[in-house]
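# Coordinates in review
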Amino acid sequence: MIRSDLGNRQLLPAYHNSVGWLVMLFALCTCAFTGCGNSKATYKPNDLHAASLTREGSDLEPRGVAKAASALVEQWFGSLDAPRWPSEILGGELEAVRMDSVNRCAGPVGRGVDKVERGVYRKHCVSCHGLSGDGLGAAAMLLEPYPRDFRRGTFKFKSTPIGKKPTREDIHRTLYEGIPGTAMPSFRALEESKEFADDIDDLVEYVRFLAIRGEVERRIIALHVREGVALDETSEQLREVVRQVVEKWSSASSDQVTVPESPEFIHSPIKNPQEHSELMQKGKSHFESELTACVKCHGTSGAGDGTSQDYDEWTKDWTILAGIDPKHPSDWKEMKPFGALKPVLTKPRNFHWGAYHGGKSPSEIFKRIVLGIEGTPMPPVARAQNGNPGLTDQELWELVYYVMHLEDRS
Amino acid sequence: MISDVKFNFVKLWAWLAAMFIFPLIWVGGLVTTHDAGMAVPDWPGTYGYNLFLYPLSTWLYGPFDLLIEHGHRLLGSWVGLLVIFLCIAAWKSETRTWYRRACLGLLGAVIAQGLLGGFRVVLDERTIAMIHGCGGPLVFGYASFLAFASSRDWKHANASIHSKGLWRLAWILLAATITQLVLGAQLRHALPGTSPVGFMSMVHLHLTFAGIVTLVILGVYFLVRTYPYASEPGLRAPANALVGLLILQLTLGIGTWMVNYALPWSETMPSLARYVISAKGYWESMLVTAHQATGSLLIAFSTWLICRVGRRQIALARKPDSRNIQVQPSAAVKL
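Conventions and cut-offs
- Residues numbered from 1 in each chain as written.
- Chains lettered and ligands numbered in written order.
- Predicted model: local features only at pLDDT ≥ 70, side-chain atom pairs only at ≥ 80, totals over all residues.
- Heavy atoms only, no water.
- Helix = DSSP H or I, 4+ residues; strand = E, 2+ residues; numbered from the N terminus.
- Rg over C-alpha atoms; globule rule 2.2 N^0.38 Å.
- Buried < 20%, exposed > 50% of the residue type's maximum accessible area, 1.4 Å probe, protein only.
- Contact = heavy atoms within 4.5 Å.
- Areas by Shrake-Rupley, 256 points an atom, 1.4 Å probe, with all protein chains shown as cover.
- Lys, Arg positive; Asp, Glu negative; His and termini not counted.
- Charge placed at Lys NZ, Arg CZ, Asp CG, Glu CD.
- Domains from an automatic or database assignment.
- Buried area = accessible area lost by both parts, 1.4 Å probe.
- Salt bridge = Lys/Arg side-chain N within 4 Å of Asp/Glu carboxyl O.
- Polar contact = N/O pair within 3.5 Å; in protein donor to acceptor, adjacent residues only side chain to side chain.
- Nonpolar A, V, L, I, M, F, W, Y, C, P; charged D, E, K, R; others polar.
- pLDDT = per-residue confidence, 0-100.
- Phe/Tyr/Trp six-rings, centres within 6.5 Å; stacked < 30°, edge-to-face > 60°.
- Lys NZ or Arg CZ within 6 Å of the ring centre and 35° of its normal.
- Patch = residues over 30% accessible without salt bridge, like charges linked within 9 Å, V, L, I, M, F, W, Y side chains within 5 Å.
- Axes fitted to C-alpha atoms, helices over the stretch in contact; angles between N-to-C directions.
- Parallel < 35°, antiparallel > 145°, perpendicular 65-115°, else oblique.
- Left-handed = near helix turned anticlockwise from the far one by under 90°.

Now for the overall build of chain B. Across its full length, chain B holds 11 helices and 0 strands. Counting from the amino terminus, helix and strand elements in chain B follow one another as α-α-α-α-α-α-α-α-α-α-α. Expected size for 335 residues packed as a compact globule is a radius of gyration near 20 Å; at 22 Å, chain B falls within 12% of this value. Reported as C-alpha extents along the three principal axes, the dimensions of chain B are approximately 65 × 55 × 30 Å.

On a plain count of helices and strands, chain A comes out with 18 helices and 2 strands. Taken over 410 residues, chain A has a buried fraction of 54%. Within chain A, counting contacts between residues at least 6 apart in sequence, those at least 24 apart form 64% of the total. Surface summary for chain A: the accessible area is close to 18,300 Å², and the carbon and sulfur share equals 53%. Taking the average place of the 50 positive charges on the side chains of chain A and the average place of its 57 negative ones, the gap between the two points comes to 4 Å.

Residues and elements named next belong to chain B. Assigned domains of chain B: these are domain 1 (1–150) and domain 2 (156–318). For domain 1 and domain 2, the distance between their C-alpha centroids amounts to 23 Å. Contacts between the two partners involve 22 residues from domain 1, matched on the other side by 25 residues from domain 2. Note on domain 1 versus domain 2: buried area summed over both sides is about 2,100 Å², and carbon and sulfur give 76% of it.

This part takes up the pattern of salt bridges. Residue and element names in this part refer to chain A. Enumeration according to the criterion identifies 40 salt bridges over all chains in this entry. A salt bridge links Arg-98 to Glu-205, with the shortest nitrogen-to-oxygen separation between them at 3.3 Å. One end of the pair, Arg-98, is in the loop between α4 (87–90) and α5 (99–105); the other, Glu-205, is in helix α10 (residues 199–227), with 107 residues separating them in the sequence. Using a relative accessible area of 37% as the deciding quantity, one classes Arg-98 as partly exposed. Residue Glu-205 is classed as buried on the basis of its relative accessible area of 0%. Here Arg-213 ties to Glu-217 by a salt bridge, and the two come within 3.4 Å at their closest N and O atoms. Remark: Glu-217 and Arg-213 occur in helix α10; sequence separation between them is 4 residues, near one turn of the helix. The class of Glu-217 is buried, set by a relative accessible area of 0%. Linked by salt bridges that have partners in common, Arg-152, Arg-218, Asp-310, Glu-313, Lys-316 and Asp-317 make up one network.

Attention now moves to the domain arrangement of chain A. All names here are of chain A. On domain assignment, one finds that chain A holds domain 1 (9–255), domain 2 (264–309 + 354–409) and domain 3 (311–343). Computed over C-alpha atoms, the centres of domain 2 and domain 3 are 32 Å apart. Summed over both partners, the interface of domain 2 with domain 3 comes to about 260 Å²; 60% of that surface belongs to carbon and sulfur atoms. Summed over the three residues of domain 2 that lose the most area to domain 3, namely Gly-375, Thr-376 and Pro-377, the buried surface amounts to 83% of that side. Where domain 2 packs against domain 3, one counts 0 salt bridges. Counting across the interface, domain 2 meets domain 3 through 1 residue pair in polar contact (both at pLDDT 80 or more). When grouped by side-chain class, the residues that make up the side of domain 2 that touches domain 3 number 1 nonpolar, 2 polar and 1 charged.

Residues and elements named next belong to chain A. Confidence in the prediction of chain A, expressed as mean pLDDT, is 89, and 90% of residues score 70 or more. By mean pLDDT, helix α1 (residues 20–34) is the weakest element of chain A at 50, and helix α8 (residues 168–177) is the strongest at 98. Contacts of residues 1–21 to residues separated by more than four positions or lying in other chains number 53 contacts, the stretch itself having pLDDT below 50. In the model, residues 31–38 has pLDDT below 50 throughout and makes 12 contacts with residues more than four positions away in sequence or in other chains.

Let us now look at the environment of B:Val203. Secondary-structure assignment places B:Val203 in helix α8 (residues 196–225). Setting aside anything within four residues of it in sequence, one finds B:Val203 in contact with A:Leu142, B:Leu187 and B:Trp257.

With that out of the way, let us pick up the environment of A:Gln281. Residues and elements named next belong to chain A. Topologically, Gln-281 is positioned in helix α13 (residues 273–288). Look at Gln-281 and you get exposed, because its relative accessible area is 53%. Linking Gln-281 and Cys-125, residues 156 residues apart in sequence, is a C-alpha distance of 44 Å.

Another point: the interface of chain A and chain B. Taken together, the contact between chain A and chain B spans 61 residues of the former and 56 residues of the latter. Together, the buried faces of chain A and chain B total about 4,800 Å²; carbon and sulfur atoms form 69% of this surface. Looking at the side of chain A facing chain B, the largest losses of area belong to A:Arg111, A:Leu142 and A:Trp353, adding up to 15% of the total buried there. Across the contact surface, chain A and chain B share 2 salt bridges.

As a further point, take the packing of aromatic side chains. Residue and element names in this part refer to chain A. Counted according to the given criterion, the structure contains 29 aromatic pairs over all chains. Where Phe-77 meets Trp-85, the ring centres are 6.0 Å apart and the plane angle is 75°; that geometry is what we call edge-to-face. A relative accessible area of 0% means that Phe-77 is categorised as buried. When its relative accessible area of 13% is taken as the criterion, Trp-85 is described as buried. Taken together, the ring pairs in this structure connect Phe-77, Trp-85, Tyr-121, Tyr-206 and Phe-209 into an aromatic cluster. One residue, Arg-213, lies across the ring of Tyr-43, its end atom 3.5 Å from the ring centre.

Now for a nonpolar patch on the surface. Residues and elements named next belong to chain B. Together, Trp-78, Leu-81, Ile-84, Phe-85 and Ile-88 make up an exposed nonpolar region whose accessible area comes to about 410 Å². With respect to the helices, strands and loops of the structure, Leu-81 is situated in helix α3 (residues 64–93). The exposure class of Leu-81 is partly exposed, given its relative accessible area of 36%.

Moving on, we come to the packing of α8(B) against helix α9 (residues 236–261) of chain B. Residues and elements named next belong to chain B. At a minimum axis distance of 9 Å, the contact between α8 and α9 shows a crossing angle of 160°. As summarised for this structure, α8 and α9 are arranged roughly antiparallel, according to the angle between their axes. In the packing of α8 onto α9, the handedness of the crossing is left-handed. The residues of α9 that touch α8, namely those facing Phe-199, Val-203, Val-213, Thr-214, Ile-217, Val-220, Tyr-221, Val-224 and Arg-225, are Arg-236, Ala-239, Asn-240, Leu-242, Val-243, Leu-246, Leu-250, Trp-257 and Tyr-261.

Next up, the structure:
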């Protein structure tokens, strides 16, 4: 249960009137009845990560480890209702999130006396992504794919290579457009109304904040379990983790991959059927070539029915990497008490339906093919560069053309 | 019995109160849909102003969440006023003592609802919001009962057959619709830290009760159409209305899931694969809110059915030639 921090919402003068005493009396009764006020929203420790790391070759108690790590991270990044930035470790130079935005998104929902709306994350995102950004919001179990766990710091739809962080624009695009065919909504309506126009920008900062915090938490759990580093606030090794994670986020925009200029045939529809079928032939040969292996997953017809099936990284994290077989319920259910959801195979996209999760513009599809989709089996395609074998830009655009024209337009 | 003055003010105010509680529930539902419960951080005032003196331009043209929250409070006070009028009218012209008392009871219920709403804000407590959200439809059901009890059918109901089965079914329906509403409120007011397992169980329960309500309404519908009830025209209207509402409600329920969480079969149909949820879209939030508002209509209509069946039971019990027919004891109290 959430209670307001009275700092934001000072009781206003109008409240001090004759009904005041009545209010209090009734409040007390209601509280006694509902048992309110005895729980505060807090970050959930990353039990699942601790459990998968300690599962083999460690006799540490996972919940205890997760709790200690969470407490340490709280010293650096603050509590759920009062976030902070560890500038004592980072100094002034590393900027990765705007804290005024983070502050506005954190905490319980509502306007303060200043009429500024707060708790925007809890208002719009918490039912799926959870208070801690662990993807374990109330509705999580009922959705497929599951809501993103931000704490791994892995994002699917971005303009940076595998292993690099998404840019602000990438996350903004996801929030603005939503993800078709999944539960991830489009928040376009916010940006289009003037009083909520800043919400998406602020939420982007908060997602970055939760991702940084969550990844630091994961990494210090790993250091503790694997290398026995004590979970101590002064430990230089742990502080270095904070620097490394933040550094990755603040440098993300320089890792952005530029999409080469697209050829004429991508923009203007080709009326000549001969020319069209020639392009489709070329695209098909790239699609079916051994080099790209697209058919392995997406199937010869592109219906997403290839032979290769696999889990995503969020699942492998606590299954395969922890020596658990995700296919066997008796196996993976062992992790259920730590917050594991049933492992579900990641489905390769069916191109006949033209439902692109990362955006349907040619340049977005180009990015997905060239960069892969991080966290999923979808690999980056080999690009012909510096004498390496792979597809040239022209061939890549032919592939994009082919994929886009697999859509049934009937 | 209902007074025979030319113009029945009790009836007027009772109907007006019920008719205004419905939009009140609707706006209250919007407040929940938009999570606008704390859009005004103080209570009973609004940003330090008296509720009624809060400058029009600030909320009418202000942010949407402030508009609906403040509007909900204003509408609530308006309903309170209507119920006060109802009490005055009942005291002047209503001859049934229990009805007069029931009017006071309604006033008490409306005030309690107002206080609950207030505490939800003062304490910023989501659990109270949930209780307040359940209370609204109950008050609506209560007010509709008073409206039905002031109607012509209440007074002139006549019956020739004994309707014990229907009577039971009507009460089961009321219990089921109320349970269903409370379950729905658990979903709409899920606390931010609710566990996925808890939420999923609630969803499953909500679906189960949707099935139960459907079966009971269909049961009522077929019962009033078969012998011997078929000879009672007064029972058809509530039964038909319930079926209509049921169809509407099931559709709205599926729609609500779709605009909140998308349908689970996105792999089976291109239109679902391409569907993007539009968060806080105008029509989307109207649809979700309509689902909860229709839930409270179902409660009111079950009450209507109970009134109609009950009055016929009583009329029958009072017929001199029907003393040998057994009547539910609870209905036999002198009304």
